[in-house]
Amino acid sequence: MILWPLAALYDSITRFRNHLYNTGYQKTLDFTPFIISVGNLSVGGTGKSPMIEYLSDLLLKENYSVAILSRGYGRKTKGVRLATDEDTAETLGDEPYQFYRKYHSRSVPVVVAEERVLGVPEIIHHHPETQVILLDDAYQHRAIARNLNLLLTSFDRPFYRDWILPAGRLRESRSGAKRADVVIVTKCPENLSESQREQITHNVKMYTQEGTPVFFSSIHYGEPKPVFSTTELSEKVIAFSGIARPKLFQDYVRQHFLTQECITFADHHRYTEKDSKQLSKGAQQETGNISFITTEKDMVKLIDDPAEWQALPIFYLPIETRFLPDDTEFSLWIAQQLSESTSV
């Protein structure tokens, strides 16, 4: 309750900003490529990166020329930057670097820019063949017109049960959901029942435009992969991560591995030699061999500084989005939106 006055002030600021865009006082720029924005109302932890990768795979499978544009949060560089082989997580940010490592061999350009409206011309200039641009974490970035606005909200903390910062985790009020062309409830349990889906859909539609579809997705972890070497995974593991909401990752590790400890770092944490020594010391205190398991997002921050980390048997869990009960309905919906556009 103490935070409500600050939340009310923050809410008035965001509402006024949205009003400026809604009335046309603040301009929104249109671009030729088909633009899909992936974002949320809350602060982090809704699975935007796996969704960007899901969309990239889906569009590439249908032979679209795709590009990814991100802010590059946490990077040490400034301005517009087109990713190259010279870049690292420090120059791009951890998520964009993850995208680049995964898709540069498939000719998907990745661009970072604080002002993303400056990033689109960079993509068009260097890659005029681009048909679809995926905007990462851009729900509140309204300077760019988008063909599709994908709003993500997590199963464990949906936006309709959350509150404005700092009383809650919402970047803007729940009414912002009216700008969504589709709402995707992420990180759902795979056994989500039909009645649960109906109840969540009802709650979501209290805030969206009439006819806005609601889909459900889950996070799927793959088999652990070594970061530096091909050593086998030990029976006992220590998990560590620096992501916004690590509970899902930690719960999965505890359920599938003999887990001695789960160590949590801050979101977008930059790993140092001190961290590697801390992990090594923790392993030495355990009996028997110990391996370390981390997330795919954390992995990309380790690989470019192997001198400090290569002595540790570190594995990461690949991650992907899967729709419930299967991908068919959502894939068809995306295909229909693209087919109705004259720009692709």
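Residues numbered from 1 in each chain as written. Predicted model: local features only at pLDDT ≥ 70, side-chain atom pairs only at ≥ 80, totals over all residues. Heavy atoms only, no water.

**Things to note about the packing of aromatic side chains**
Applicable threshold: What counts as a ring pair is set by centres within 6.5 Å for rings of Phe, Tyr and Trp (its six-membered ring), and what kind of pair is set by the plane angle: stacked under 30 degrees, edge-to-face over 60, tilted for all other angles. Under the scheme applied here, a residue whose accessible area is under 20% of the maximum for its type counts as buried, over 50% as exposed, and between as partly exposed, the area being computed with a 1.4 Å probe on protein chains only. For a Lys NZ or an Arg CZ to count as sitting over a ring, it must be within 6 Å of the ring centre and within 35 degrees of the ring normal.
By the definition in use, this model includes 17 aromatic pairs. A centroid spacing of 5.2 Å and a plane angle of 80° characterise the contact between phenylalanine 265 and tyrosine 271, whose relative ring orientation is edge-to-face. Taking the relative accessible area as the measure of exposure, phenylalanine 265 reaches 11% and is therefore buried. Chaining the aromatic ring pairs together yields one cluster made of Tyr54, Phe215, Phe323, Phe330 and Trp333. In this arrangement the basic side chain of arginine 174 is found over the ring face of tryptophan 163, its NZ or CZ atom lying 4.6 Å from the centre.

**Brief notes about the layout of surface pockets**
Regions of empty space are outlined by a rolling probe, equal in size to a water molecule, passed over the atoms. Spelled out, the test is: Space inside and on the surface of the protein is sampled on a 1 Å grid over the protein atoms alone, with a cavity defined as a set of points where a 1.4 Å probe fits but cannot get out and a pocket as an open set with protein on both sides within 12 Å along at least 5 of 7 lines; lining residues have an atom within 4 Å of a point. Grid points are joined across faces, edges and corners, and a volume is the space filled by probe spheres set on the points. Here a strand is any run of E in DSSP of at least two residues, a helix any run of H or I of at least four, and the numbering for each starts at the N terminus. Residue classes follow a fixed rule: Ala, Val, Leu, Ile, Met, Phe, Trp, Tyr, Cys and Pro count as nonpolar, while Asp, Glu, Lys and Arg count as charged, and any other residue, Gly among them, counts as polar.
Of the voids in this model, the largest pocket is the one considered here, and its volume is about 1100 Å³. What lines the largest pocket is a set of 49 residues, and nearest its centre among them are Gly44, Gly45, Lys48, Glu95 and Asp137. Secondary-structure elements contributing two or more residues to the lining of the largest pocket are helix 1 (4–22), helix 2 (48–61), helix 4 (94–103), strand 8 (214–221), helix 7 (247–256) and helix 9 (296–299). A total of five residues in the lining of the largest pocket trace back to one element, the largest contributor, which is helix 1. A class-by-class count of the residues in the lining of the largest pocket yields 17 nonpolar, 14 polar and 18 charged.

**Things to note about the sheet that holds strand 13 (residues 314–317)**
The following threshold applies: If DSSP finds at least two bridges between two strands, the strands pair. Every residue pair with non-hydrogen atoms within 4.5 Å of one another is taken to be in contact. Think of each axis as a best-fit line through the C-alpha atoms, taken over the contacting stretch in the case of a helix, with angles from 0 to 180 degrees between the N-to-C directions.
An order of 9-13-12-10-11 is seen for the five strands of this open sheet, with the pairing classed as mixed. Of all the strands in the sheet, the pair left with one neighbour each is strand 9 (225–226) and strand 11 (258–264). As defined by bridge partners, strand 12 (residues 290–295) adjoins strand 13 across four bridges and the pair is classed as parallel. Residue pairing for strand 13: threonine 295 is matched across the bridge by leucine 317. Together, strand 10 (236–241), strand 11, strand 12 and strand 13 form the strand contacts of helix 7, whose direction differs from that of strand 10 by roughly 175°. The sheet contacts of helix 8 (residues 273–284) involve strand 10, strand 11 and strand 12, and relative to strand 12 the element is tilted by about 140°.

**Side note on the side chain of serine 173**
The condition that has to hold: Counting of polar contacts relies on pairs of N or O atoms within 3.5 Å, with two restrictions inside protein: one atom must be capable of donating a hydrogen and the other of accepting it, and residues adjacent in sequence are counted only when both atoms are side-chain atoms.
When you line up the elements, serine 173 lands in the loop between strand 6 (148–154) and strand 7 (182–186). Here arginine 15 takes part through its side chain, which lies 3.4 Å from a polar atom of the side chain of serine 173. Among the polar contacts made by the side chain of serine 173, one reaches the side chain of serine 175 at a distance of 2.6 Å. Those residues in contact with serine 173 that sit more than four places away from it in its chain are Asp11, Arg15, Leu41 and Ile164.

**Describing helix 7**
This is how the line gets drawn: By construction, the arc corresponds to the directions joining the helix axis to the C-beta atoms.
Of all the positions in helix 7, only Phe249, Gln250, Tyr252 and Val253 are classed as buried. Mapping the buried residues of helix 7 onto a view down its axis gives an arc of 160°, with all of them on the same face. Exposed residues lying more than 90 degrees from the buried face of helix 7 are Lys247 and Gln255. Here the buried face of helix 7 lies against strand 8, strand 10, strand 11, strand 12 and strand 13.

**Points about unusual backbone geometry**
The omega torsion of the bond from leucine 165 to proline 166 falls at -5°, within 30 degrees of zero and hence cis. On the secondary structure map, proline 166 appears in the loop between strand 6 and strand 7. Omega for the peptide link from leucine 324 to proline 325 comes to -5°, which places this bond in the cis form. In this structure, asparagine 63 is a non-glycine residue whose phi angle is positive, near 65°. Within the secondary structure layout, asparagine 63 lies in the loop between helix 2 and strand 2 (66–70).

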